[in-house]
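Listed here are the chains, written in short residue letters.
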Amino acid sequence: MTELSPLALEQWCNDYLKAKEFKDYCPNGLQVDADTPIKKIVTGVTATKNLIDAAIAQNADALLVHHGYFWKGEPEPLTGMKGKRIRSLFQNNISLFAYHLPLDAHPVVGNNAVLADLLDLEVVGALYPEEKHPVGNIAQCEPISIEAFIEKVTQKLQRTPTHISAGNSMISKVGICTGGAQDMIEQAANMGCQLYISGEISERTTHSARELGIDYLACGHHATEMGGIQALGEVIASTLEVQVSFIDDPNPA
């Protein structure tokens, strides 16, 4: 196994994910620099205290997540819950890396791409065709009943999605954007999709689905975004020859 500096790992991830080409709600890349060589990486969806504790227990040198820190609009002081998390990272010499939209959009290890593959969907385009790196996609599948597709989702994600029916008994064209992208449902309907898949649901989503004539599946923010970070970790392990392990901090939302 080799070892990397935090800056070297950041540069590799930035290049692979084209992180600098995204305008995001948080900084992508190295968020906490412990300035120690990296030989072991733990990956996870969100940089929670539970995940940090698990990384400490595994003697990890770095934590690589989809949801990190320093989101636009959040309080800046490093106090309270965030202060405790970051203090734990520094005290245990663990660097934190986070990639948000770049990990959603990547055509190979992106959350949408991995979820589509898991559900036997073929990504064929973008929900917003003008986007250089689309964070929402259009996918196709062999015609399947909505009931059979929901059964597949339940099996693959190990949770039953919330289904808002608009009366589409069969589907073959699906809009997909993981996480908290429920408001893209109107664009999915405009693009001719019979079904839209995301992670979360809002009160307004139910009315939108029914009135736009597009079925909706809320499959869980966490559940729909587990795949991308695992896939990225696997590429890092095989390419950079460092030890990488995924740890799940279960979240029903």
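As recorded in an unreviewed UniProt entry, the protein goes by GTP cyclohydrolase 1 type 2 homolog and comes from Psychrobacter pasteurii. According to the UniProt record, the Sequence similarities (unreviewed entry) comment for the protein reads "Belongs to the GTP cyclohydrolase I type 2/NIF3 family." UniProt's Subunit (unreviewed entry) comment on the protein is quoted here verbatim: "Homohexamer."

Novice: Just to check I follow, could you spell out the pairing of strand β9 (residues 195-198) for this structure?
Specialist: Note on strand geometry: in a regular strand, side chains alternate between the two faces of the sheet. Burial along β9 is two-sided: the residues Leu195 and Ile197 and Tyr196 and Ser198 are all buried. Two strands pair when backbone bridges link them, and strand β8 (residues 170-176) and β9 are joined in this way by three bridges, in the parallel orientation. In the strand pairing of β9, Gly175 is matched with Tyr196. Following the backbone out of β8, through helix α7 (residues 185-190) and into the adjacent parallel β9, one traces a crossover that is right-handed. As paired elements, β9 and strand β10 (residues 215-218) share four bridges and run parallel to each other. Its bridge partner lying in β10, Leu195 is registered against Asp215. In this view, the connection linking β9 to its parallel neighbour β10 by way of helix α8 (residues 203-212) has right-handed handedness.

Novice: Could you clarify how one ought to interpret the packing of aromatic side chains in this entry?
Specialist: Pairs of aromatic rings are described using the distance from one ring centre to the other and the angle between the two planes. All chains considered together, the criterion is met by three aromatic pairs. With a centroid separation of 5.0 Å and an interplanar angle of 10 degrees, the aromatic rings of Trp12 and Tyr16 are classed as stacked. Here Tyr16 and Trp12 lie together in helix α1 (residues 6-17), a separation of four residues that amounts to about one turn. With centroids separated by 5.8 Å and ring planes inclined at 25 degrees, the aromatic side chains of Tyr196 and Tyr216 adopt a geometry described as stacked. On the criterion of sequence distance, the pair formed by Tyr196 in strand β9 and Tyr216 in strand β10 is long-range, its members being 20 residues apart. Note on Tyr196: relative accessible area 0%, which makes it buried.

Novice: Could you clarify how one ought to interpret the sheet that holds strand β5 (residues 122-126) in this entry?
Specialist: Pairing between the strands of a sheet comes from backbone hydrogen bonds, and it takes one of two forms, parallel or antiparallel. Taken together, six strands build an open sheet; the order of strands is β5-β6-β8-β9-β10-β7 and the sheet is mixed. Edge strands, defined here as strands with exactly one partner in the open sheet, are β5 and β7 (162-164). Strand-to-strand twist in this sheet, taken as the mean axis angle between neighbours without regard to direction, amounts to 25 degrees. Note: β5 against strand β6 (residues 137-145), four bridges, orientation antiparallel. When the sheet's bridge partners are listed, Glu122 is paired in β6 with Gln140. Sheet contacts for helix α5 (residues 111-118): β5, β6, β8 and β9; angle to β8, the most-contacted strand, approximately 160 degrees.

Novice: So what exactly am I meant to see when it comes to the sheet that holds strand β4 (residues 95-98) here?
Specialist: Ordered in space as β1-β4-β3-β2-β11, the five strands form an open sheet in which the pairing is mixed. Each edge of the sheet is formed by a strand with only one pairing partner; in this case those strands are β1 (29-32) and β11 (243-246). In this sheet, adjacent strand axes meet at a mean angle of 30 degrees when their direction is disregarded. With three bridges connecting them, β1 and β4 associate as antiparallel partners. Of the residues in β4, the one forming a bridge with Val32 is Leu96.

Novice: How should I be thinking about the domain arrangement of the protein in this particular structure?
Specialist: The accessible area lost on association of the parts is a frequent measure of interface size. Under the domain assignment used here, the protein contains domain 1 (6-99) and domain 2 (105-224). With centres defined by C-alpha atoms, the gap from domain 1 to domain 2 works out at 29 Å. Every contact between the two is made by eight residues of domain 1 and, on the other side, nine residues of domain 2. Between domain 1 and domain 2, a total of about 690 Å² is buried, with carbon and sulfur atoms accounting for 64% of that surface. Taken together, the links from domain 1 to domain 2 amount to one salt bridge. The salt bridge partner of Glu21 is Lys132, with a shortest N-O separation of 3.2 Å.

Novice: Help me understand the UniProt feature "binding site: a divalent metal cation" (unreviewed entry) in the protein, please; the structure alone is not making it clear to me.
Specialist: Here, UniProt's "binding site: a divalent metal cation" (unreviewed entry) annotation points to His66, His67, Asp104, His221 and Glu225. A compact arrangement is adopted by the annotated residues: their sequence extent is 160 residues, whereas the largest C-alpha distance between any two is 12.0 Å. Within the secondary structure layout, His66 lies in strand β3 (residues 62-67). Here His66 is in contact with Gly44, Val45, Tyr99, His100, Leu103, Asp104, Asn111, Glu225 and Ile229, once residues within four sequence places are set aside. Within the secondary structure, Asp104 is located in helix α4 (residues 101-105). For Asp104, the contacting residues outside a window of four places in its chain are His66, Gly110, Asn111, Asn112, Thr178 and Glu225.

The rules we used
Residues numbered from 1 in each chain as written. Predicted model: local features only at pLDDT ≥ 70, side-chain atom pairs only at ≥ 80, totals over all residues. Heavy atoms only, no water. UniProt positions renumbered as here; feature names shortened; annotations may be inferred. Buried < 20%, exposed > 50% of the residue type's maximum accessible area, 1.4 Å probe, protein only. Helix = DSSP H or I, 4+ residues; strand = E, 2+ residues; numbered from the N terminus. Pairing = 2+ DSSP bridges. Right-handed = clockwise from strand over helix to strand, strands pointing away. Phe/Tyr/Trp six-rings, centres within 6.5 Å; stacked < 30°, edge-to-face > 60°. Axes fitted to C-alpha atoms, helices over the stretch in contact; angles between N-to-C directions. Contact = heavy atoms within 4.5 Å. Domains from an automatic or database assignment. Buried area = accessible area lost by both parts, 1.4 Å probe. Salt bridge = Lys/Arg side-chain N within 4 Å of Asp/Glu carboxyl O.

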